[in-house]
Amino acid sequence: MIFKKNRRAVSTAILIMGAISGFSQSIPSLKDAFKNDFGIGTALNNSQIEERDPALTQFIVSQFNMATPENVMKSALIHPKWDTYDFVVPDKLVEFGKKYNIKINGHTLIWHSQLPSFIRGIHSKDSIQTFFNDHIKTVASRYKDNIFSWDVVNEALNEDGTLRKTVFLDYLGEGYIAEAFRLTQQAAPNVELYYNDYNNEQPAKRAGCINLIKKIQASGARIDGVGIQGHWHVGKVPFKDIEESILQYAALGLKVMFTELDIEVLPRNFQGADVNQRMASNPAMNPYTAGLPDDVQQQLAADYEALFKLFLKHKDKVTRVTFWGVNDGNSWLNGWPVRGRTNYPLLFDRNNQPKPAFYKVIGLKK
Ligand code: 9MR
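Below you will find a few notes about this structure.

Calculation rules
- Residues numbered from 1 in each chain as written.
- Predicted model: local features only at pLDDT ≥ 70, side-chain atom pairs only at ≥ 80, totals over all residues.
- Heavy atoms only, no water.
- Near = heavy atom within 4 Å.
- Polar contact = N/O pair within 3.5 Å; in protein donor to acceptor, adjacent residues only side chain to side chain.
- Areas by Shrake-Rupley, 256 points an atom, 1.4 Å probe, with all protein chains shown as cover.
- Helix = DSSP H or I, 4+ residues; strand = E, 2+ residues; numbered from the N terminus.
- Contact = heavy atoms within 4.5 Å.
- Core = buried A, V, L, I, M, F, W, Y, C linked by side-chain atoms within 4.5 Å.
- Buried < 20%, exposed > 50% of the residue type's maximum accessible area, 1.4 Å probe, protein only.
- Phe/Tyr/Trp six-rings, centres within 6.5 Å; stacked < 30°, edge-to-face > 60°.
- Lys NZ or Arg CZ within 6 Å of the ring centre and 35° of its normal.
- Arc of directions from axis to C-beta.

Before going further, it helps to examine the site of the ligand. In the vicinity of the ligand lie 14 residues, with Glu70, Lys74, His107, Glu155 and Glu260 positioned nearest. The separation between an oxygen atom of the ligand and a polar side-chain atom of Asn71 is 3.0 Å. One of the side-chain N or O atoms of Trp324 is found 2.9 Å from an oxygen atom in the ligand. Burial of the ligand by the protein chains amounts to 85% of its free accessible area of 460 Å².

Structure (structure tokens):
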């Protein structure tokens, strides 16, 4: 009797917690629904990693079994000065993963963006090489036993498939990519190693990506997988290119992952996720501040459903699908390429309530 009473009290408490935080315990779980197919991940920001909202933590761990730090492991943050590293929040992320049985994908070791500011003052090949070696060795070896994988190199390609001009290409030459994989493998032999990019499902960039992967393989370094970020636009998801890419990348012996999935619903005049591209703000660019119109909501749901259908069709090749944010409220797309917009790119709304797209996706497993 007492047990029963307590149980009722506990479930009432859970319901109240759910009501306060805006979610209900009865929401089906994505990670459970797809547990025999592929991992379900999310990007985590500082406040989520630090568990500032316990109800939100419960929500996150009920839905996701993999996580990628949205920013805290990027070199500007983890390596702010030449000889100073800041591991405080990254260490918390690793703890978070351990505590809740969530696999962590490190993001990212070598990227031309969000570099520490001291890099701008370096003008010699030797110093860039020293930064490159020390950065990879120090960061990768710190987490060698407690993260699952690394995005070793991020966004090294231009849209036409050629190599992007970066400080690494300029000073170290094109071999820097294979070298990054070799050094990471040396520092963290049991961690999976990935190349990650956006638009690398598009034919020209895909061809460049395949070329890049083959060069890494030919160098003798190990590469385990390729990440297709998946920053797409509602009504324009390139399903055919995505399927073709899954097949072509898998044919190289690699795992295929969708690593930063979101489907934008607001107007934009270019494709991709180059953070340096911006657009001017005006009210026409922010049309849905009062809510998402039903026709767009339905299109978003249909796009997500078709995408997950495709992922399931190739579940022998697709190992992880990671959303770039927990809910619409914390998506980077509210601030880019126009600041201060109200965007709706994910499966959960600003109160962590499932959207029609969520039910379409979960419905595929019923
Ligand atoms: O979501 C990230 C945002 O908070 C940062 O301001 C931005 C800065 O570069 O990076 C965003 O994440 C990017 C990711 O690390 C790499 N692929 C593109 C993502 C969206 O820009």
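Here the focus is the environment of Ala67. Relative to the helices and strands, Ala67 is located in strand β2 (residues 66-69). When the C-alpha positions of Ala67 and Gly41 are compared, they lie 4.9 Å apart, and in sequence the two are 26 residues distant. What Ala67 contacts, discounting residues up to four positions off in sequence, is Thr42, Leu44, Ile102, Lys103, Ile104 and Asn105.

The next point concerns the nonpolar core. In terms of nonpolar packing, the biggest core is built from 102 residues, with Leu30, Tyr304 and Phe308 touching the most fellow members. No other element matches helix α12 (residues 294-313), which puts nine residues into this core. Contact partners of Leu30, with chain neighbours within four places excluded, come to Ile40, Gln63, Phe64, Phe323, Leu347, Phe348, Phe358, Val361 and Ile362.

The full count for this structure, using the stated rule, is 21 aromatic pairs. Pairing Tyr85 with Phe87 gives two aromatic rings, centres 5.6 Å apart and planes at 5 degrees, and the pair type is stacked. On the numbers, 5.1 Å between centres and 45 degrees between planes, the contact of Phe348 with Phe358 is tilted. Taken together, the residues span a long stretch of sequence, with Phe348 in the loop between β9 (318-323) and α13 (356-363) and Phe358 in helix α13 at a distance of 10 residues. The two residues Phe348 and Phe358 agree in class, both being buried. Aromatic ring contacts, followed pair by pair, group Phe34, Phe38, Trp232, Phe258, Tyr304, Phe308, Phe311 and Phe323 into a single cluster. The ring of Tyr198 has Lys205 lying over it, and the distance from NZ or CZ to the ring centre is 3.9 Å. The residue whose ring lies beneath Arg350 is Tyr344, and the NZ or CZ to ring-centre distance is 5.1 Å.

We now examine α13. Of the positions making up α13, those classed as buried are Ala357, Phe358, Val361 and Ile362. One side of α13 holds all its buried residues, which, seen down the axis, span an arc of 130 degrees. In the core, the buried residues of α13 are packed alongside α2 (30-33), α4 (54-63) and α12.

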